[in-house]
Amino acid sequence: AQTVTQSQPEMSVQEAETVTLSCTYDTSESDYYLFWYKQPPSRQMILVIRQEAYKQQNATENRFSVNFQKAAKSFSLKISDSQLGDAAMYFCAYRSARNSGGGADGLTFGKGTHLIIQP
Amino acid sequence: AAGVIQSPRHLIKEKRETATLKCYPIPRHDTVYWYQQGPGQDPQFLISFYEKMQSDKGSIPDRFSAQQFSDYHSELNMSSLELGDSALYFCASSPRGLAENEQFFGPGTRLTVL
């Protein structure tokens, strides 16, 4: 079974600064997908960024980027120019690609990191 | 844009009662997933359906069952409710069930068991 570990229960950053959230995972599979989800106080789950394990290039989405180290099984999220609206719980998630031809594997989430933005 | 619809949004039940949660996926999405998020916890995957067939199974208790109907909506049936079942239940949907496809989450149903 796959496991996802987020070792930082809480992080704090000044507005406009950069912060990095850590995530490691354990799997015996070679093909999979990794995600970062944001959960604001509304509890809505919002996809922030996605990384395919077969791609060496790190994914970026505007102010959000990842550092994907497949050999180290590490998948960190960097948020640049932090904004007050970035305050939320951030969950790292893993999904197997074994059913890529049609199927629906569930996501395995880490415990989450609570991100606080200081004005 | 249309989103995943979950009903009811809030539900209060007594111990040992039953509950049914409903999920209406985004139009043209044929895959549905159910997750349970306890207070202060990460979401736990329960079960998923692709083209009306069960596709993957997670930590779903035997007291729970689910199905996907011909119009692709899904229902999660929960019996003999326990205090520990109090949680936020998310439904998510995606097109074609492909691993790379984003799972779009609904707003959740908050179940409280008294």
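Please refer to the structure higher up on the page.
If you're wondering where the values come from, they're calculated on a predicted model, not measured in any experiment. (Residues numbered from 1 in each chain as written. Chains lettered and ligands numbered in written order. Predicted model: local features only at pLDDT ≥ 70, side-chain atom pairs only at ≥ 80, totals over all residues. Heavy atoms only, no water.)

(A) Highlighting the overall build of chain B. Assigned secondary structure in chain B consists of zero helices and eleven strands. Reading the helices (α) and strands (β) of chain B from amino to carboxyl end gives β-β-β-β-β-β-β-β-β-β-β. For chain B, whose C-alpha radius of gyration is 13 Å, the value lies close to the compact-globule estimate of 13 Å for 114 residues. Over its C-alpha atoms, taken along the principal directions, chain B stretches across nearly 40 × 25 × 25 Å. Within chain B, residue pairs in contact and separated by at least 24 positions form 53% of the contacts whose partners lie at least 6 positions apart. (Helix = DSSP H or I, 4+ residues; strand = E, 2+ residues; numbered from the N terminus. Rg over C-alpha atoms; globule rule 2.2 N^0.38 Å. Contact = heavy atoms within 4.5 Å.)

(B) Highlighting the state of the cysteines. For the structure shown, the criterion picks out two disulfides over all chains. Residue pairing for C23(A): its cysteine sulfur links by disulfide to C92(A), the two sulfurs lying 2.0 Å apart. Since a negative S-S torsion denotes a left-handed disulfide, the C23(A)-C92(A) link at about -70° is left-handed. Of the two residues, C23(A) is situated in the loop between β3 (19–21) and β4 (24–26) and C92(A) in strand β10 (residues 88–96); the sequence distance between them amounts to 69 residues. Take C23(A) and C92(A): they sit in the same class, and that class is buried. Put simply, C23(B) and C91(B) are joined by a disulfide, and their sulfur atoms are 1.7 Å apart. Here the disulfide of C23(B) and C91(B) is left-handed, its torsion about the S-S bond being about -55°. (Disulfide = S-S within 2.5 Å. Buried < 20%, exposed > 50% of the residue type's maximum accessible area, 1.4 Å probe, protein only.)

(C) Up close: the nonpolar core. In this structure, Y25(A), W36(A), F75(A), L77(A), Y90(A) and L115(A) are the most contacted members of the largest nonpolar core, which totals 25 residues. The dominant element in this core, judged by the number of residues it contributes, is β10(A), at four residues. Non-local contacts of L115(A), meaning those with residues more than four positions away in its chain, are made with M11(A), V13(A), V19(A), L21(A), I79(A), D86(A), A87(A), A88(A) and Y90(A). With 22 residues, the next largest nonpolar core counts A19(B), C23(B), L76(B) and C91(B) among its residues. (Core = buried A, V, L, I, M, F, W, Y, C linked by side-chain atoms within 4.5 Å.)

(D) Highlighting the interface of chain A and chain B. With 26 residues of chain A in contact, the opposing surface of chain B contributes 27 residues. Around 2100 Å² of area is buried between chain A and chain B when both sides are counted, 48% of it from carbon and sulfur atoms. Counting every contact that joins chain A to chain B gives one salt bridge. For D42(B), the salt bridge goes to K111(A), with nearest N and O atoms at 3.3 Å. At the junction of chain A with chain B, the criterion picks out nine residue pairs in polar contact (both at pLDDT 80 or more). (Buried area = accessible area lost by both parts, 1.4 Å probe. Salt bridge = Lys/Arg side-chain N within 4 Å of Asp/Glu carboxyl O. Polar contact = N/O pair within 3.5 Å; in protein donor to acceptor, adjacent residues only side chain to side chain.)

(E) Quick look at the environment of L88(B). For L88(B), the position within the fold is in strand β9 (residues 87–94). Residue L88(B) is classed as buried on the basis of its relative accessible area, which comes to 4%. For the pair formed by L88(B) and L11(B), sequence separation is 77 residues and the distance between their alpha carbons is 10 Å. The residues touching L88(B), leaving out its near neighbours within four places in the chain, are R43(A), Y35(B), Q36(B), Q37(B), P107(B), G108(B), T109(B) and R110(B).

(F) Structural view of the pairing of strand β6 (residues 46–52) of chain A. Residue and element names in this part refer to chain A. Pairing between strand β5 (residues 32–39) and β6: six bridges, direction antiparallel. Bridge pairing links K38 to I46 in β6. Connecting the antiparallel pair β5 and β6 is a turn made up of six residues, with R43 showing a positive phi of about 75°. (Pairing = 2+ DSSP bridges.)

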